Amino acid sequence: MAAKNKPTKRVFKGKHPYFIDGETYTVRELSNWTLQYCQKGGVISSTLKGRLEGLDYCEPKHLLSVAEYYEQSKEVKKLRGYCKEAREKVLNQPRLENACEKLSQKWLMVKL
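Residues numbered from 1 in each chain as written. Predicted model: local features only at pLDDT ≥ 70, side-chain atom pairs only at ≥ 80, totals over all residues. Heavy atoms only, no water.

## A closer look at the sheet that holds strand 3 (residues 57–58)
Link 1 in the chain: Spatial ordering of the open sheet is given by 2-1-3, a layout of 3 strands whose pairing is mixed. For this open sheet the edge positions go to strand 2 (24–26) and strand 3, each flanked by a neighbour on one side alone.
Link 2 in the chain: Sheet topology note: the strand 1 (residues 9–12)/strand 3 ladder contains 2 bridges and is parallel. In the sheet register, phenylalanine 12 faces strand 3, and the bridge partner there is cysteine 58.
Link 3 in the chain: Sheet strands in contact with helix 1 (residues 27–37) are strand 1, strand 2 and strand 3, and its direction is about 75° off that of strand 2. (Pairing = 2+ DSSP bridges. Helix = DSSP H or I, 4+ residues; strand = E, 2+ residues; numbered from the N terminus. Contact = heavy atoms within 4.5 Å. Axes fitted to C-alpha atoms, helices over the stretch in contact; angles between N-to-C directions.)

## Looking at the confidence of the model for the protein chain
Link 1 in the chain: In this model, the protein chain carries a mean pLDDT of 82, and residues with pLDDT of at least 70 account for 92%.
Link 2 in the chain: Mean pLDDT values over the elements of the protein chain span from 77, in helix 4 (residues 84–92), up to 90, in strand 2. (pLDDT = per-residue confidence, 0-100.)

## Some remarks on the nonpolar core
As a rule of thumb, nonpolar side chains are buried together in soluble globular proteins.
Link 1 in the chain: Residues Phe12, Phe19, Tyr25, Val27, Leu30, Trp33, Val43, Leu48, Leu52, Cys58 and Leu63 constitute the largest nonpolar core, which totals 11 residues.
Link 2 in the chain: Of the residues forming this core, the biggest block, 3 residues, is contributed by helix 1.
Link 3 in the chain: Not counting residues up to four positions away in its chain, the partners in contact with phenylalanine 12 are Phe19, Ile20, Asp21, Gly22, Glu23, Tyr25, Leu30, Cys58, Glu59, Pro60 and Leu63. (Core = buried A, V, L, I, M, F, W, Y, C linked by side-chain atoms within 4.5 Å. Buried < 20%, exposed > 50% of the residue type's maximum accessible area, 1.4 Å probe, protein only.)

## So, the packing of aromatic side chains
Link 1 in the chain: Applying the stated rule across the entire model yields 6 aromatic pairs.
Link 2 in the chain: When the centroid spacing of 4.8 Å and the interplanar angle of 70° are considered together, the rings of phenylalanine 19 and tyrosine 25 count as edge-to-face. The pair phenylalanine 19 / tyrosine 25 is uniform in exposure class, with both members buried.
Link 3 in the chain: Ring geometry for phenylalanine 19 and tryptophan 33: centres 5.6 Å apart, planes at 65°, overall edge-to-face. In this pair, phenylalanine 19 is assigned in the loop between strand 1 and strand 2 and tryptophan 33 in helix 1, connecting sequence segments 14 residues apart.
Link 4 in the chain: Here phenylalanine 19 falls in the buried class, since its relative accessible area comes to 3%.
Link 5 in the chain: Looking at tryptophan 33, the relative accessible area reads 14%, which means it is buried.
Link 6 in the chain: Put simply, the rings of Phe12, Tyr18, Phe19, Tyr25, Trp33 and Tyr37 touch in pairs and so form one group of aromatic residues.
Link 7 in the chain: It is arginine 51 that lies over the ring of tyrosine 69; its NZ or CZ is 3.8 Å from the centre. (Phe/Tyr/Trp six-rings, centres within 6.5 Å; stacked < 30°, edge-to-face > 60°. Lys NZ or Arg CZ within 6 Å of the ring centre and 35° of its normal.)

Structural data, given as structure tokens:
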């Protein structure tokens, strides 16, 4: 089975002072622009490639600096209801749900 070719260029969607909506740009072109002109630090091409993984287009939010992108993702997680306490509660809850499973686990832990 042949490997699927990944697109080397991405279509830009949105309003931006430099990039034109509907034009195609390589990840390196997008990255080089952020490195030259972003005041809070640019985005290296490998980071940008990770942000655009699985997408055929690039939006202005993908060109944000690492700190700005991280803050934006934290805000999105809060809106979705993600919180650290809820995650820890799920991770620490017991996996044995009923008496049968508890009894079985008790006998499985005994040395032979």
